[in-house]
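# Secondary and tertiary structure notes
Okay, here's what each chain looks like letter by letter:
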Amino acid sequence: VKWEEASANGPIILKCVGVWGSAQLQASVRGGFIMKVMVVRGVNIMAGIVPADADISESVFQKVGHHIWIHNLTWYGEGGISNRSVGLPQTGLAVGGQLHIRYVPKPQPELAVSLDGKTFTPVPAELKRARYVPCVSLCNSDATVQIEDLVDACEQR
């Protein structure tokens, strides 16, 4: 995955180079975060979380962490979890569509998702005690996303 930052404080644009590349984003927050992912092009996009020490040199979405597939808004995760509903409409996101992902480490680690950035639905993942960071995986050259916000979830709760 190739990424470029639009400006010093602006959005991050992620574009795929090759097949299923992944990028970790370093959240400069106290541990929890909210990430807003906007589809620029394509549907072969996974957005979610991985442990900070995860090896993302190859496809990770069914091996480590927990991810939402933009194509139909279903959950994929470690242990082979695939195509499971998280309570969002399984219609996918069109160009310009946004997915908000919230991770809160305490008191009990929780991953939640939202389409409007206000009403979050918990993902039924059993999260290990670890330091998680945002991760986006893209497949083939038709996939491009914009990460618009990466904010402290503890301040937003």
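The paragraphs below set out a description of the structure included in this document. Counting from 1, residues in each chain are numbered in the order their sequence is written. Owing to the predicted nature of the model, reporting of local features is limited to residues with pLDDT of at least 70; listing and counting of side-chain atom pairs is limited to 80 or more, with chain, interface and lining totals taken over all residues. Heavy atoms from the whole structure form the basis of all side-chain values; hydrogens and water molecules are not counted.

## Concerning the overall build of the protein
Numbering of helices and strands starts at the N terminus; helices are DSSP runs of H or I of at least 4 residues and strands are runs of E of at least 2. A tally of helices and strands in the protein yields one helix and 13 strands. For the protein, the N- to C-terminal ordering of α and β elements is β-β-β-β-β-β-β-β-β-β-β-β-β-α. Only protein chains enter the accessibility calculation, which uses a 1.4 Å probe; a residue is then buried when its area is under 20% of its type maximum, exposed when over 50%, and partly exposed in between. The burial tally for the protein puts 53% of its 157 residues in the buried class. Of the contacts formed within the protein by residues at least 6 apart in sequence, a portion of 61% connects residues at least 24 apart. By the convention used here, residues are in contact when the closest approach between their heavy atoms is within 4.5 Å.

## Details of the pattern of salt bridges
Pairs can form between side chains of opposite charge whenever their charged atoms are close. Any carboxyl oxygen of Asp or Glu that lies within 4 Å of a side-chain nitrogen of Lys or Arg is treated as forming a salt bridge with it. This structure, assessed with the given rule, holds two salt bridges. Here Glu110 ties to Arg102 by a salt bridge, and the two come within 3.2 Å at their closest N and O atoms.

## Quick notes on the packing of aromatic side chains
Stacked, tilted and edge-to-face pairs are distinguished by plane angle, under 30 degrees for stacked and over 60 for edge-to-face with tilted covering the rest, among Phe, Tyr and Trp rings (Trp via its six-membered ring) whose centres lie within 6.5 Å. Across all of its chains, the model carries three aromatic pairs by this definition. Relative to Tyr76, the ring of Trp69 lies with its centre 5.9 Å away and its plane at 90°, an arrangement referred to as edge-to-face. When sorted by exposure, Trp69 lands in the same class as Tyr76, which is buried. These aromatic residues form a ring-pair network of at least three members: Phe33, Tyr103 and Tyr132.

## Points about the pairing of strand β6 (residues 66–69)
Two faces make up the sheet, and in a regular strand the side chains alternate between them. Residues of β6 alternate between two faces, with His66 and Ile68 on one and His67 and Trp69 on the opposite face, all of them buried. In this sheet, β6 lies alongside strand β5 (residues 45–51) in antiparallel orientation, the contact comprising four bridges. The residue bridging Ala47 from the neighbouring strand is Ile68, located in β6. The pairing of β6 with strand β7 (residues 74–77) spans four bridges and is antiparallel. Considered in β7, the bridge of His66 is made with Gly77. Only when DSSP finds a minimum of two bridges between them are two strands counted as paired. The loop that links β6 with its antiparallel partner β7 comprises four residues; one of these, Leu73, has a positive phi angle of about 55°.

In short, geometric facts, not functional conclusions.
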